[in-house]
Amino acid sequence: EDSTDDFFASMGLVQVLDDSLSAVTPVSWPPTAQEITLKKAEEEEKLTQSLEIELKVSFANWVADARKIQWKEEKTYTVVKGTSKSSTKEMRTVMRTTDIPVGKDTKLTWREMWEINVVSIMKEDFIEKDKDRKTYGWLPKMTTCSKGS
């Protein structure tokens, strides 16, 4: 009996017992347009919910880590003294991706930060560290898709 049930199921048919008669009732195949539309809507709703959750998590991670971006860095420079060929090495605080000196403890203004190559920072701090996009999703990649980046 199990093999008969398996046979009917494999054919897309369901065996229905009706008091004294055994009848075979076909399952709706092919599915109706309404059934297809309903199934697509259900799948789309599940996908939308999943993506909304992923975006919220990615965005929260993005915001938290973006606040930690180091916009300044220490660089070593060779400084020539006077007209002689003697030189010394000095550490200077500069805006990241530039050689523009800034105070170590000063807060950068938007005008100063205008010179920073944000795309290279996004690539270095986010894209390269999250290649599988599990932490930030596509957000860092999206920031690098502007003209000129």
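Remember, it's a predicted structure, so these values are computed and weren't measured experimentally.

**Q** What is the right way to read the pattern of salt bridges from this model?
**A** Two side chains carrying opposite charge are able to pair once their charged atoms lie near each other. Counting across every chain of the model gives seven salt bridges. With a closest N to O distance of 3.8 Å, Glu90 and Arg92 form a salt bridge. The residue Lys131 makes a salt bridge to Glu128 at a minimum N-O spacing of 2.7 Å. In this structure, a network of salt bridges that share partners links the residues Glu73, Lys75 and Asp99.

**Q** Please explain helix α4 (residues 118-127) as it appears in this structure.
**A** Given 3.6 residues to a turn, an α-helix orients residues that are three or four positions apart in the same direction. Val119, Ile121, Met122, Asp125, Phe126 and Ile127 are the residues of α4 that are buried. Around the axis of α4, the buried residues are gathered within 160° of arc, so they sit on the same side. The elements touched by buried residues of α4 are α2 (33-66) and α5 (139-143).

**Q** What is the right way to read the packing of aromatic side chains from this model?
**A** Each aromatic ring pair is summarised here by two numbers: the centre-to-centre distance and the angle between the ring planes. Here the structure, examined in full by the defined rule, presents four aromatic pairs. Taking 6.3 Å as the distance between ring centres and 80° as the angle between the ring planes, the aromatic pair formed by Trp110 and Trp114 counts as edge-to-face. For the pair Trp110 and Trp114, a shared accessibility class is recorded, and that class is exposed. Measuring from centroid to centroid gives 4.9 Å for Phe126 and Tyr136, while their planes differ by 75°, and the two rings are edge-to-face. Of the two residues, Phe126 is situated in helix α4 and Tyr136 in the loop between α4 and α5; the sequence distance between them amounts to 10 residues. Comparing Phe126 with Tyr136, the two get one shared label, buried.

**Q** Where do I start with the side chain of Arg96 in this structure?
**A** On the secondary structure map, Arg96 appears in the loop between β4 (87-95) and α3 (110-113). At 3.1 Å, the side chain of Arg96 forms a polar contact with the backbone oxygen of Gln70. Looking at Arg96, its side chain comes within polar contact range of the side chain of Asp125, at 2.6 Å. Excluding its chain neighbours within four sequence positions, the residues that come into contact with Arg96 are Ile69, Gln70, Trp71, Lys72, Glu73, Ile116, Ile121, Glu124 and Asp125.

**Q** Can you help me understand the side chain of Lys72 in this one?
**A** Note on placement: Lys72 falls in strand β3 (residues 72-80). Buried within the structure, Lys72 lacks any salt-bridge partner; its nearest side chain of opposite charge belongs to Asp105, at an N-O separation of 6.4 Å. Here Gly103 takes part through its backbone oxygen, which lies 3.0 Å from a polar atom of the side chain of Lys72. Here the side chain of Lys72 touches Lys104 through a polar contact of 3.3 Å, landing on its backbone oxygen. Setting aside residues up to four positions removed in sequence, Lys72 forms contacts with Thr93, Val94, Met95, Arg96, Val102, Gly103, Lys104, Asp105, Thr106, Lys107 and Leu108.

Conventions adopted
- Residues numbered from 1 in each chain as written.
- Predicted model: local features only at pLDDT ≥ 70, side-chain atom pairs only at ≥ 80, totals over all residues.
- Heavy atoms only, no water.
- Salt bridge = Lys/Arg side-chain N within 4 Å of Asp/Glu carboxyl O.
- Buried < 20%, exposed > 50% of the residue type's maximum accessible area, 1.4 Å probe, protein only.
- Helix = DSSP H or I, 4+ residues; strand = E, 2+ residues; numbered from the N terminus.
- Arc of directions from axis to C-beta.
- Contact = heavy atoms within 4.5 Å.
- Phe/Tyr/Trp six-rings, centres within 6.5 Å; stacked < 30°, edge-to-face > 60°.
- Polar contact = N/O pair within 3.5 Å; in protein donor to acceptor, adjacent residues only side chain to side chain.
- Lys, Arg positive; Asp, Glu negative; His and termini not counted.

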